[in-house]
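Single-letter residue listing:
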Amino acid sequence: MSAESLSSDLQQSLTLLRRQLHAAPELSGCEQHTAATLLAELQACSPDRLFTGVGGHGLIALFDSGRPGPTVLLRADMDALPISESGSQAHCSRHPGVAHLCGHDGHSAALMGVAKLLSAARTASGQVALLFQPAEETGSGARAVLDDPAFAAIRPDRVFAFHNLPGYPLGQVVVRAGSFTAAVQSLIIELEGCPTHAAEPEHGRNPAQAIAELLQLAQALSCNHPERPDFALVTPVYAHLGERAYGTAAGEGEVHFTLRSWTQQTMSELESRLLSQLAAICERDGLKARHRWIEAFAACDNQADAVALISKAAAEEGMSCVTRPMPFKWGEDFGLFTQRFPGALFGIGAGETQPALHNSDYDFPDAILLPAARLLYRLARSVTDTPNPNMD
Ligand SMILES: [Zn+2]
Ligand SMILES: [Zn+2]
């Protein structure tokens, strides 16, 4: 069989798989059938080790050359979103209110392409671990995988993942050394005072002033200048105060924020300034406060030499490659991997007219499945098969 017909077979099988995943989307943490579909395909690729149920419904397939060398981990996410799809393709979501509108179906299918390429030809040395990760959208999957005892067996020397990028030309590779995506997390603050007659507020403890000051603090702490390294956004997303009872001064309330920054350090500073101010306000006003952090995404911190490997592999695959001047404002839980292991997240253009991620009419472009798989395969080999003096 010629190389061209092999490629077209692979493109066809990846497209089929991608559409199959797209038609049966599952929410974060519920990826049971998605995992079963991927597992069946992976088994046909005869990996040397296969781990299931990693961090929930995650899968890791390990392809071992049998010769010593570095281990490279390639990761794809596999969960869908609680949004109704408005497209009209034959492979549209069959699950009402749930759809693959971030392209994780495509990321998983592309990674399956790497499994098929490794099944045909292992690397010359080292190992390649393919991770199909659950629950990316809620920011909990990466941590669950990293905390899973099965993951301890992998010990990657380099980690890579890609996200498709609507708005960029189809198949264009997008890289950036340093921060690639923002650190993001949300904060819930609940305040408890004491209700009283609205005519006699001096006899109660109303959290209204505290909430007003916290909303102003959010504004004061924000520096919405993405070109600056100290970029920070504290966005109020929800607030509540008292009841619709007009003779009563409010006795409780809550306020929720989503925080974004380019670095973990800025994020830590935002955290401590918000919480110390909260403590001071509560002390002054005699309020009790409870707070919770949720949906945390660590900043993706791309290592410069990992980014150089991506650019080199893209050039060798004949893919155009651009450097992004500033990070993306969205969060990606692959950030947690880059906080622990050297590596990088990069983008692959999904087409300039493609609807934005999480839009109801978004659909992953099948045309980039094979290029993405080939790029990832080449990238893996550039780590495992090339002696790298910089590697520690
Ligand atoms: Zn998403
Ligand atoms: Zn995504």
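In the block above lies the structure referred to throughout.
What this report covers is the structure whose coordinates are included nearby. (Residues numbered from 1 in each chain as written. Chains lettered and ligands numbered in written order. Predicted model: local features only at pLDDT ≥ 70, side-chain atom pairs only at ≥ 80, totals over all residues. Heavy atoms only, no water.)

### A closer look at the coordination of the zinc ion (ligand 1)
Okay, so step 1: Around the zinc ion (ligand 1), the protein contributes the donor atoms C102 (SG), E137 (OE), E137 (OE) and H358 (NE2), at 2.0 to 2.6 Å from the metal centre.
Okay, so step 2: What the four donor atoms of the zinc ion (ligand 1) show is an angle range of 53 to 149° at the metal, which sorts the shape as irregular.
Okay, so step 3: Sequence positions of the residues that donate to the zinc ion (ligand 1) give the spacing C-x34-E-x220-H. (Donors = N, O, S within 2.8 Å, 3.2 Å for Na, K, Ca; no water. Tetrahedral: all angles 85-135°; square planar, octahedral: opposite > 155°, others 65-115°.)

### Examining the packing of helix α2 (residues 32-43) against helix α3 (residues 104-120)
Okay, so step 1: Relative orientation of the contacting elements α2 and α3 amounts to 15°, with a least axis distance of 10 Å. Put simply, α2 runs roughly parallel to α3. The interaxial crossing formed by α2 with α3 has right-handed handedness. Of α3, the residues touching α2 (which contributes L38, E41 and L42) are S108, M112, A115 and K116. (Axes fitted to C-alpha atoms, helices over the stretch in contact; angles between N-to-C directions. Helix = DSSP H or I, 4+ residues; strand = E, 2+ residues; numbered from the N terminus. Parallel < 35°, antiparallel > 145°, perpendicular 65-115°, else oblique. Left-handed = near helix turned anticlockwise from the far one by under 90°. Contact = heavy atoms within 4.5 Å.)

### Structural notes on the pattern of salt bridges
Okay, so step 1: One pass over the structure, following the stated rule, counts 20 salt bridges.
Okay, so step 2: For the salt bridge of E190 with R290, the shortest nitrogen-to-oxygen distance reads 3.3 Å. A residue pair is termed long-range when its members are at least 10 positions apart, and E190 in strand β8 (residues 183-192) and R290 in strand β13 (residues 288-297) qualify at 100 residues.
Okay, so step 3: Connected via shared salt-bridge partners are R18, R19, D105, D363 and D366. (Salt bridge = Lys/Arg side-chain N within 4 Å of Asp/Glu carboxyl O.)

### Structural notes on unusual backbone geometry
Okay, so step 1: Positive phi values are uncommon outside glycine, yet A135 reaches one of about 50°.
Okay, so step 2: Topologically, A135 is positioned in the loop between β4 (127-133) and α4 (141-147).
Okay, so step 3: Accessibility expressed as a relative area gives 7% for A135, which makes it buried.
Okay, so step 4: At H358, a residue that is not glycine, the phi angle is positive and equals roughly 75°.
Okay, so step 5: Here H358 shows up in the loop between β16 (343-349) and α9 (369-384). (Buried < 20%, exposed > 50% of the residue type's maximum accessible area, 1.4 Å probe, protein only.)

### Thoughts on the nonpolar core
Okay, so step 1: One finds L74, V114, L130, F132, F160 and F346 to be the most contacted residues of the largest nonpolar core, which totals 52 residues.
Okay, so step 2: Ranked by the residues each element gives to this core, the list is headed by α9, at ten residues.
Okay, so step 3: What F132 contacts, discounting residues up to four positions off in sequence, is L38, L42, G58, L59, A76, M78, S108, L111 and M112.
Okay, so step 4: Within the second largest apolar cluster, 27 residues are counted, among which are L73, I154, L165 and C300. (Core = buried A, V, L, I, M, F, W, Y, C linked by side-chain atoms within 4.5 Å.)

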